[in-house]
Amino acid sequence: MAEQLMVEVAYALPNQQSILTLSVAQDATVEQIINSSGILQQYPDIDLSQQKVGVWSRTVKLTDTVKNGDRIEIYRPLIADPKDLRRRRAEKAKEEGRADKVTGGRVAGTKNA
């Protein structure tokens, strides 16, 4: 009989989180574990062809295997591009005079509020 591993499958929404613990075969892939966990039935909006997955905050492929005690995480798509948000905040600061219009740094004589 193949050795069994204990793993978790996690998925979180803004107001709800699920962490399922299950025992799987040592050679089970991330995709097989997610499918056998039942989380796809619990959250039908999960689309593994579009969403990234990871183990302990590191992105992995669906074909990767896991180690005992690993937590497989299913990531939701970003609703906004972090680089775009930072650029917009910087532009707003320049317009409001909180940042130098050329360098983008703090204006001389202003304090961090």
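Within each chain, residue numbers correspond to sequence positions counted from 1 in written order. Predicted model: local features are reported for residues with pLDDT of at least 70 only, side-chain atom pairs are reported and counted for 80 or more only, and whole-chain, interface and lining totals are derived from all residues. Side-chain metrics in this entry use all non-hydrogen atoms of the structure; hydrogen atoms and water are not considered.

Quick notes on the overall build of the protein
Item 1. Counting from the N terminus, the helices are DSSP H or I runs at least four residues long and the strands are E runs at least two residues long. From N to C terminus, the protein includes three helices and five strands.
Item 2. Secondary structure of the protein in N-to-C order comes out as β-β-α-α-β-β-β-α.
Item 3. For the protein, the proportion of its 113 residues judged to be buried stands at 27%.
Item 4. Two residues qualify as a contact provided that any one of their heavy atoms is within 4.5 Å of a heavy atom in the partner residue. Within the protein, contacts between residues at least 6 apart in sequence are counted, and of these 41% link residues at least 24 apart.
Item 5. Only carbon and sulfur atoms are counted for the fraction: they give 50% of the accessible area of the protein, which is about 8300 Å². Accessibility here uses a 1.4 Å probe with only protein chains present; expressed as a share of the type maximum, an area under 20% marks a residue as buried, one over 50% as exposed, and anything in between as partly exposed. Working definition of accessibility: Shrake-Rupley area with a 1.4 Å probe, residue cover restricted to the visible protein chains.

Some thoughts on the nonpolar core
Item 1. The biggest cluster of nonpolar side chains holds 19 residues, and the ones touching the most others in it are Val 9, Ile 33, Ile 34, Ile 39, Val 66, Ile 72 and Ile 74.
Item 2. With four residues, the top contributor of residues to this core is strand 1 (residues 4-13).
Item 3. Setting aside residues up to four positions removed in sequence, Ile 39 forms contacts with Val 9, Ala 10, Tyr 11, Ser 18, Leu 20, Ile 34, Ile 46 and Ile 74. Residues grouped as a nonpolar core are buried Ala, Val, Leu, Ile, Met, Phe, Trp, Tyr and Cys residues, joined through side-chain atoms within 4.5 Å.

A short note on the pattern of salt bridges
Note on pairing: side chains with opposite charge can pair once their charged atoms come close.
Item 1. Any Lys or Arg side-chain nitrogen located within 4 Å of an Asp or Glu carboxyl oxygen qualifies as a salt bridge. Taken as a whole and judged by the stated rule, the model has one salt bridge.
Item 2. With a closest N to O distance of 2.6 Å, Glu 73 and Arg 71 form a salt bridge.

Some thoughts on the pairing of strand 5 (residues 71-74)
Item 1. Here strand 1 runs beside strand 5; their pairing, made up of four bridges, is parallel. Each bridged residue has a counterpart across the sheet, and for Val 9 the counterpart in strand 5 is Ile 72.
Item 2. We treat two strands as partners when DSSP finds at least two bridges between them. As defined by bridge partners, strand 3 (residues 53-55) adjoins strand 5 across three bridges and the pair is classed as antiparallel. Bridge pairing links Gly 54 to Glu 73 in strand 5.

Structural notes on the confidence of the model for the protein
Item 1. Across the chain, each position has a pLDDT score giving the predictor's confidence in that residue, from 0 to 100. Put simply, the protein has an average pLDDT of 86, and 85% of its residues get 70 or more.
Item 2. Taking the mean pLDDT of every element in the protein, the minimum, 79, falls on helix 3 (residues 82-95) and the maximum, 96, on strand 5.

With respect to the sheet that holds strand 2 (residues 16-25)
To summarise the sheet geometry, strands pair through backbone hydrogen bonds and adopt either a parallel or an antiparallel arrangement.
Item 1. Pairing is mixed across the open sheet formed by five strands, whose spatial order is 2-1-5-3-4. Strands at the two margins of the open sheet, each flanked by one partner only, are strand 2 and strand 4 (58-60). Strand-to-strand twist of the sheet, defined as the mean angle between neighbouring strand axes without regard to direction, takes the value 30°.
Item 2. One ladder, built from 10 bridges, connects strand 1 with strand 2; its direction is antiparallel. Every axis corresponds to a line fitted to the C-alpha atoms, with the helix fit spanning only the stretch in contact, and the corresponding angles, defined between N-to-C directions, vary from 0 to 180 degrees.

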